[in-house]
Every structure is written in structure tokens, then in C-alpha cells.
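# Examining the three-dimensional arrangement
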Amino acid sequence: TATRPTQHWLETEQRYDSGVFNKHDRVIVRGENALVWDSEGREYIDCTTGSGVASVGHCNPEVVRAIQQQAATLLTVSQLLPNDRRAEFLEVLTGLLPAALHRVFLCNSGTEAMEAAKKFAVTATGRSRFISMKRGFSGRSLGALAFTWEPKYREPFQNVIDGKNVEFVTYGDVAALEAAMDDSIAAIIMEPVQGEGGVRPADAAFVRAARELSQRHGALLILDEIQTGFGRTGKMFGMEHFGVVPDGITLAKAMAGGVPVGAFVTTPEVADKMPAGGHGGTFGGNPLAMAAGVAAMRFMQREKLAEQAAEKGEYFMRRLREIASPKIREVRGLGLMIGVELKEKSAPYIKALEEHEGVLALQATPLVVRFLPPLTISHAQIDRVVEAFARVLR
Ligand SMILES: CC(=O)N[C@@H](CCCNCc1c(COP(=O)(O)O)cnc(C)c1O)C(=O)O
């Protein structure tokens, strides 16, 4: 019999994949707002959003239109040549940020943004040591991996990353941060909410201490807003919860509505210390990503998505807390960046949600179920996710 398309796609991808991904057994073929469908026509409420990318909803019509128009106009041009869409993107992006943060290095992913941040910190301070956070995640490349805590990601490559230059500090431990801080540190790297590390909002006093300590020692404070940025936490950026302005932030994921994009945004003091030609990249700032990003950021502003995420996040977490399950240890998060820590491994429950309940959710460390829905999700869809989760926990 002819192979069903699903079987064909699954087998083909499995055959040629590098093998790094533990592939699920369904083929996602279409998305619209908070829903995705698989090749068998099954519908899912998507609380994975490609790991926090589709915040403006899958195939947001304004992003799609911008992509269509730009695709037929100019797809690529070097960053040596200015481009109208890129100028527009820089204007819209910096308009969302504190005035000091208006010098932007454009790239194509969060990892690349972290790599750039690391190099700018070295040239800005002349130093080569960093402080990162236990349970922190900065990316998988050999440069960013040095800041990523998870031993199973980092240890196999320990001999080829400059791990000796990074000291990991317990997230939230001001005394430990103070003890680790000295005049050899180029930058303190931290997420406003640790995402992969289990959805752990920072403690305001800790973020403020990091700001004060970095200033005192002539180091940079770099906030990694790759997962927390663009409304996810109920503010446009996570740093706004703590009233701290860092020396640099890294951005990616939701910034261009689904098109790959990344940025390191910093101050003139930092940017001007990087020699011309000291960093670069082929695809950064490409017109397609820039057009998509302008549409996505304008949509976020007009629809007040950050405020929506704050209200819907409160609602979502309140409903999750109403699930009286002995399996739940804690419901935590900020805005629509939500984690439910269980008293047992979360993987089977994530699988049950996917297989039987038409809900896609993420893991974030072995015990945590993470929900990163589009910020455009409806309250009715939130109710369906909560009811489905209550059922699989029984
Ligand atoms: C299935 C898969 O590959 N998942 C990704 C999920 C990564 C999600 N986080 C990306 C991230 C990064 C890296 O961003 P990128 O290179 O994946 O775009 C940096 N900083 C923070 C705070 C981040 O959350 C991974 O396991 O590498």
C-alpha cells in the first residue's frame, strides 16, 4: 500500500536527521494563531510556540503580509549596505527600549546574540572572565555553551570551550555573587526569568545587586531576554519588572514573529569599544527578517500584548493553582511564561497532553511542565489547556 504522507515525512526526517533531536511521532504541517495541526488533521493548542517564538500567534497575518511583500522586493543584502527595512526595524526596536540601549548588533539566533554579547564585553572591558548563573541557558554554540549551566549540554565539550573563564553562581544568591565578583570580570550574564532552567523568575534584590556590583567593579551587566523579551513576562521586557537598565541585552525568538532573528543591544560606551570589523555575519539584518520584525513589533505594541500576557498569565496560573492535584509541587512564572513543577517526572504528562488532549507543552528540567503559549491565546483556550492538564494528572 502507498505510504501515508505522515509515515513518509516521519521516516524521511528520521533517516536524514543528525540524530540530536528526540523526535515526536507526529508531523506538524500548519499553524494559525494559537493552534497547529498535524498531517493527520489533528488540532493542538500550541503552548510550545517553537520554544517561545510564536508570541504574536502562528502565521500572524500582518507578519505574513510583510514577509510576502519583502520576499518579492529584496531578500538579502550585506550589512555593509544600508537597507530601508533594517533602518525601520532598528527604529522600532530601540523605541521599545531604555534610551541608553540603542546600539544594535543584528544576527539570526539567540546563541549568536550571546556570542556577540561576549565579544563586545571583552572589547569594552579588556577582561576575559564572566559570571553566569547555575541553571542558566545561553545557547549551544561553543562560545555561548560556556555560559550554559546544564552539565549534560556542556561537559562533553568542556575541553574545547574556555570554561575556565566562567564562574557559575547560584541564581538569587547575593552573597555568592558578591564573593565571585572582582575587577577581572568582564560581565555578569543572567536571564530575568530562567527559562530552560525551570521557569524561575529572578529575585528583584538579586538583579539590583548584580547591577550595583557590576557598576562597582567596572563590569557589564548583560540580561539575556531571548526568552523573556517581547511581552512574554507581562512587560515588554523582563528587566522592567526589576527597574534595572543593563549595559546590554540579548534578544531573539519572538522578535520577528517566527522568522529567525537575533540582536545584541548595548550602549554607545560599549559599542564604541568594539573595533570596526571586529565582528560580523552574513545573514544578520536581512531585509526579510527586518520586515517581519517591524510587523511583529508593531502588532505587539498596538495589541498591547505585554499587558495581555500579564492578565492572561495571572488567569492561567490561578486556574492551574485551582487544580487540586497532589502531583503538583508549585505553579510559578511571570506573565505567559509559566512552569508547573511536579513531584515526579514531567515527560509522561507532556506526552499525554500531546497524544490524548490536543495540547503541546514543553519541559524545562525533568520535573517541570512549561507553558509558552502565543500571547494571543484566548481565555477559552487557556481553560481547555487547564482542563486537559487536570485530566492527565489524574
Ligand atoms: C529542540 C531544541 O533544539 N530546543 C532548543 C531550545 C532552546 C531554547 N532557548 C534558547 C535560548 C538561547 C539560545 O537561543 P537560540 O540559539 O536557540 O535561538 C539563549 N538564551 C536563552 C535564555 C534561551 O532560552 C535547544 O535545546 O537548544
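Look up: the structure comes first, before these words.
The structure contained in this document is the topic of the report that follows. (Residues numbered from 1 in each chain as written. Predicted model: local features only at pLDDT ≥ 70, side-chain atom pairs only at ≥ 80, totals over all residues. Heavy atoms only, no water.)

## Topic: the site of the ligand
Our working definition: Whether a residue is near a molecule or strand is decided by its heavy atoms; if any one of them lies within 4 Å of it, the residue is near. The term polar contact refers here to a pair of N or O atoms within 3.5 Å; inside protein, the definition further demands a hydrogen-donor-capable atom paired with an acceptor-capable atom, and it admits residues adjacent in sequence only when both atoms are side-chain atoms. Classification convention: Asp, Glu, Lys, Arg as charged; Ala, Val, Leu, Ile, Met, Phe, Trp, Tyr, Cys, Pro as nonpolar; all other residues, Gly among them, as polar.
The immediate surroundings of the ligand are formed by 15 residues, with Gly-110, Thr-111, Arg-140, Asp-224 and Gln-227 found nearest. In the model, a nitrogen atom of the ligand is placed 3.3 Å from a nitrogen or oxygen of the Glu-196 side chain. The separation between a nitrogen atom of the ligand and a polar side-chain atom of Asp-224 is 2.7 Å. Of the residues assigned to the shell around the ligand, the class counts are three nonpolar, seven polar and five charged.

## Notes on helix α13 (residues 347-356)
To keep things clear, this is the line we draw: Relative accessibility thresholds used throughout: buried, under 20% of the residue-type maximum; exposed, over 50%; partly exposed, between the two (1.4 Å probe, protein chains only). Secondary structure is summarised from DSSP: a helix means a run of H or I of at least four residues, a strand means a run of E of at least two, and numbering begins at the N terminus for each. Residue contacts follow a heavy-atom distance rule, with two residues in contact if any of their heavy atoms lie within 4.5 Å.
If you check which residues of α13 are buried, you get Tyr-349, Ile-350, Ala-352, Leu-353 and Glu-354. The inward-facing, buried residues of α13 abut β3 (43-46), β14 (337-342), β15 (359-360), β16 (362-363), β17 (368-371) and α14 (379-393). In the stretch just after α13, Gly-358 is the one whose phi turns positive, near 60 degrees.

## Considering the packing of aromatic side chains
Note the following rule: The criterion for an aromatic pair is that two Phe, Tyr or Trp rings (for Trp, the six-membered ring) have centres within 6.5 Å, with stacked assigned to planes under 30 degrees apart, edge-to-face to planes over 60 apart and tilted to the rest.
One pass over the structure, following the stated rule, counts nine aromatic pairs. Between Phe-120 and Phe-264 the ring centres are 5.4 Å apart and the planes differ by 45 degrees, which places this aromatic pair in the tilted class. Note that Phe-120 is positioned in helix α5 (residues 110-125) and Phe-264 in strand β12 (residues 262-266), a separation of 144 residues in sequence. What links up through ring pairs into an aromatic cluster is the set Phe-105, Phe-120 and Phe-264.

## Concerning the side chain of Thr-267
Topologically, Thr-267 is positioned in the loop between β12 and α10 (268-271). In this structure Thr-267 comes out as buried when scored by relative accessible area, which is 6%.

## What to know about the sheet that holds β14
Quick reminder of the rule: The criterion for strand pairing is that DSSP finds at least two bridges linking the strands in question.
With respect to topology, four strands assemble into an open sheet ordered β13-β14-β17-β16, the strand pairing being antiparallel. The open sheet is flanked by β13 (328-334) and β16, the only strands paired with a single partner. Looking at chain direction, β16 and β17 are connected through two bridges and run antiparallel. Bridge pairing links Gln-363 to Val-369 in β17.

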